[in-house]
Each structure stands twice: as C-alpha cells, then as structure tokens.
Amino acid sequence: NSAGASNDGFGSSVALSADGTTALVGASGVSGGSYKGAAYVFHVSGEGSWATSSTPTATLTNSAGASNDGFGSSVALSADGTTALVGASGASSGKGAAYVFHVLPPPPTVTGVAPDNGTTAGGTAITITGTGFIGATAADIGATACTSAFTVVNATSITCDTPSGSGTVDVTVTTPQGTSAANPPGDQFTYEAAPTVTGVAPDNGLPAGGTAITITGTGFVGATAADIGATACTSAFTVVSATSITCDTPSGSGTVDVT
C-alpha cells in the first residue's frame, strides 16, 4: 500500500479470487500502531496491471472499530471476487468478530429500443435492450412509467407497451442498484402523431378502379398502407412526402373514407 505506515502489518493475511484478478490483503496493525486494522482490495484490469499502481482499488474498514480490533487479521474472498469476509480477532476485548462486505452490481444501462418510434396515443409494443435488468422495478418512457405488459425477459431485455406521450424522450430502467443514465440516441423513443387525411384529388372515379389519386394530409412518413374504403390502394402506392401519397384506386362502389 503506497500510503502505508510503520507497523501496518500489510500482508498479515491474503486472499485471491478464483480468476486471479482480485486480491484482498489484510493489514491488522493499521491506524498508527493502534491495531484497528484494515483490508485492501487490488484489482487487475489486464495482464501486467499489478505494476502500474500500489494504490488499492478499495479500502475496507470497520467504521465503528476500536484500537486492538486487529481488523484484517484474517481475510477470505469469494471465487468471483464480489464478497469479502474480514476477521477482527481482537474486537470486543478479544471476543473477536468477522465482517462481510459485498460489491453491488452496477446500475442498469439502456442501449437500444425497438421499435424506436410510435404513436402519441401510446400502446406501441417495444423491446428495451441493455444490461443489468434483473430485478428491474420500472421502465420509464420519458417521465411516464411503461406499466402495460411490463416484463423483465432477462438481464438484457425488457418488453412493455408505451404510455401516451409526445416528442423524443429517453427510456430509462430502474433496479435496486439505481436508474440507467441517459444514453442518446440508443435509449430514445420518438412519439409521432397519427396520420391525418385532409384531401383526395380527384375525389371520384370509376367503379372498376384504376383512378390515379393524390392523398394529402400529415404524418405520412413511414406509411404502410392507404385504404380506399375497406380495400388497400396497392397499385402504384407511393409515399411522396410527409404530406402526400399517390396510388391507383382499387375497384369499389359508393362513397367511402380514405385512410
């Protein structure tokens, strides 16, 4: 420990995770020789990392410890390096104690939303992808919880139906470890108004169909269909722009709505 002092007893006990990337080192004499003690965590991020620094990744102590506790007189580490057991053989006038420390997993992250757009009325079935979703208690689309059909599929996937909303908003997931940070554009969902039809020109044609018409309105980008009455206008169907669609009418009769 680069910040160590005389009589720390650094190395009085040691433990290593199964993969050899995390070391726990006891120093039962820490605190100026008063033997309160401490244990230090060192973690290797890659081969050769040990040589880069003698500063611990974390320092474990008993905040209510007293002189002669000997915290760190013995240590143990779980195979995955996330749980530490630290003995303090001198605690409580020599009665002794052992303390458990556990590393909580990080907060979740959201990396994708599919589809990433839907109507302002809500009800779009989406799949949220990311990490750390086990135990998730909420997924928010903007400021509104995505409660309908909310399902934690696994650690990397959540499904739900969007609430109503507007604009482009961040999608966040909350677990006991916290709430995911904003990560645009991967975590964003865009609310788009449903299309409107304001005009059809010409507004009449033969029952046999085949009349070339232009449908005008709003919100046509991404349109998948235009229906003349109950029949799709499939022939020559073209989304010209957000306000214009052209197609040839199917056969039909009477006066019908264009949607």
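Residues numbered from 1 in each chain as written. Predicted model: local features only at pLDDT ≥ 70, side-chain atom pairs only at ≥ 80, totals over all residues. Heavy atoms only, no water.

## Side note on the sheet that holds strand β8 (residues 109-114)
Keep this limit in mind: Should DSSP find at least two bridges between two strands, the strands are regarded as paired. Helix and strand definitions here come from DSSP, where helices need a minimum of 4 consecutive H or I residues and strands a minimum of 2 consecutive E residues; each element is numbered from the N-terminal end. Between the N-to-C directions of two axes lies an angle of 0 to 180 degrees, each axis being a line fitted to C-alpha atoms and, for a helix, fitted only over the stretch in contact.
One open sheet accounts for 4 strands, arranged β8-β10-β14-β13; its pairing is antiparallel. In the strand order of this sheet, the two ends are held by β8 and β13 (151-154), each with one partner. For this sheet, the mean angle separating the axes of adjacent strands, direction not counted, is 25°.

## Focus on the state of the cysteines
Working definition of a disulfide: a covalent bond connecting the sulfur atoms of two cysteines. Spelled out, the test is: Two cysteine sulfur atoms form a disulfide, by the criterion used here, when they sit within 2.5 Å. The rule is simple: take the accessible area with a 1.4 Å probe, protein chains only, and divide by the maximum for that residue type; under 20% is buried, over 50% is exposed, in between is partly exposed.
Going through the model one piece at a time under the given rule, you end up with 2 disulfides. A disulfide bridge connects Cys 233 with Cys 247, and the sulfur atoms are separated by 1.7 Å. The chirality of the disulfide connecting Cys 233 with Cys 247 is right-handed, given an S-S dihedral of about 110°. Linking Cys 233 in the loop between β21 (231-232) and β22 (238-241) with Cys 247 in strand β23 (residues 244-248), this pair joins segments that are 14 residues apart in sequence. With respect to class, Cys 233 is no different from Cys 247; both count as buried. Described in terms of the sequence order of its bonded cysteines, the disulfide pattern of the protein chain is 1-2, 3-4.

## Some remarks on the sheet that holds strand β19 (residues 212-218)
Pairing in this open sheet of 4 strands is antiparallel, and the strands run β18-β19-β23-β22 from one edge to the other. With partners counted over all chains shown, the strands left at the sheet margins are β18 (196-201) and β22, one partner each. Here the average twist between neighbouring strands, direction ignored, is 25°. Taken together, the 5 bridges between β18 and β19 define a ladder with antiparallel strand orientation. The residue bridging Ala 201 from the neighbouring strand is Thr 214, located in β19.

## Side note on the pairing of strand β5 (residues 71-77)
Two elements, β5 and strand β6 (residues 83-88), share 5 bridges in a ladder whose sense is antiparallel. Bridging across to β6, Leu 77 finds its partner in Ala 84. The hairpin formed by β5 and β6 contains 5 residues between the paired strands, and Gly 81 there has a positive phi angle of roughly 75°.

## Quick notes on unusual backbone geometry
Trans is the common state for peptide bonds, and a negative phi is the common state for residues other than glycine. Cis peptide bonds are those with omega within 30 degrees of zero, and the linkage from Ala 114 to Pro 115 qualifies with -10°. Topologically, Pro 115 is positioned in the loop between β8 and β9 (117-119). Cis geometry marks the peptide bond from Pro 184 to Pro 185, where omega comes out at 0°. Note on placement: Pro 185 falls in the loop between β16 (178-179) and β17 (188-192). Its identity is not glycine, yet Asn 7 carries a phi of approximately 65°, on the positive side.

## Examining the side chain of Thr 249
What counts here: When checking whether two residues touch, look at their non-hydrogen atoms; a contact exists if any pair is within 4.5 Å.
With respect to the secondary-structure elements, Thr 249 resides in the segment after β23. On the basis of relative accessibility, which here comes to 15%, the residue Thr 249 falls in the buried class. The contact partners of Thr 249, leaving out residues within four places of it in the chain, are Gly 209, Gly 210, Thr 211, Ile 213 and Cys 233.

## Quick look at the nonpolar core
Short version of the rule: In plain words, nonpolar cores are sets of buried Ala, Val, Leu, Ile, Met, Phe, Trp, Tyr and Cys residues tied together by side-chain atoms within 4.5 Å.
If you look at the biggest cluster of nonpolar residues, it comprises 16 residues, and the most contacted ones within it are Ile 126, Ile 128, Ile 141, Val 173 and Phe 189. Elements supplying a minimum of two residues to this core: β8, β10 (125-131), β11 (138-141), β14 (157-161), β15 (167-175) and β17. Ranked by residue count, the leading element in this core is β15, at 3 residues. In contact with Ile 141, not counting residues within four places along its chain, are Ile 126, Cys 146, Pro 163, Val 169, Asp 170, Val 171, Phe 189 and Tyr 191.

## Observations concerning the environment of Val 153
By secondary structure assignment, the location of Val 153 is in strand β13. With 25 residues separating them along the chain, Val 153 and Ile 128 place their C-alpha atoms 9.9 Å apart. Apart from the residues lying within four places of it in its own chain, the contact partners of Val 153 are Ile 158 and Thr 159.

## A look at the packing of aromatic side chains
Convention followed: Only centres within 6.5 Å qualify two rings of Phe, Tyr or Trp (six-membered ring in Trp) as a pair; their planes then separate them into stacked at under 30 degrees, edge-to-face at over 60, and tilted for everything else.
Counted by the stated rule, this structure contains 5 aromatic pairs. Ring centres 5.8 Å apart and planes at 40° place the aromatic pair Phe 10 and Tyr 40 in the tilted group. With a gap of 30 residues between them, Phe 10 in strand β1 (residues 10-16) and Tyr 40 in strand β3 (residues 38-43) connect regions that are remote in the sequence. The class for Phe 10 is partly exposed, based on a relative accessible area of 38%. A relative accessible area of 6% places Tyr 40 in the buried class. A ring pair is formed by Phe 71 and Phe 101, whose centres lie 6.1 Å apart and whose planes are at 90°; its orientation type is edge-to-face. Taken together, the residues span a long stretch of sequence, with Phe 71 in strand β5 and Phe 101 in strand β7 (residues 97-102) at a distance of 30 residues. You can call Phe 71 buried: its relative accessible area is 1%. Every member of this aromatic cluster is reached through a ring pair, and the members are Phe 10, Tyr 40 and Phe 42.

Just geometry here; none of it tells us what the structure is for.
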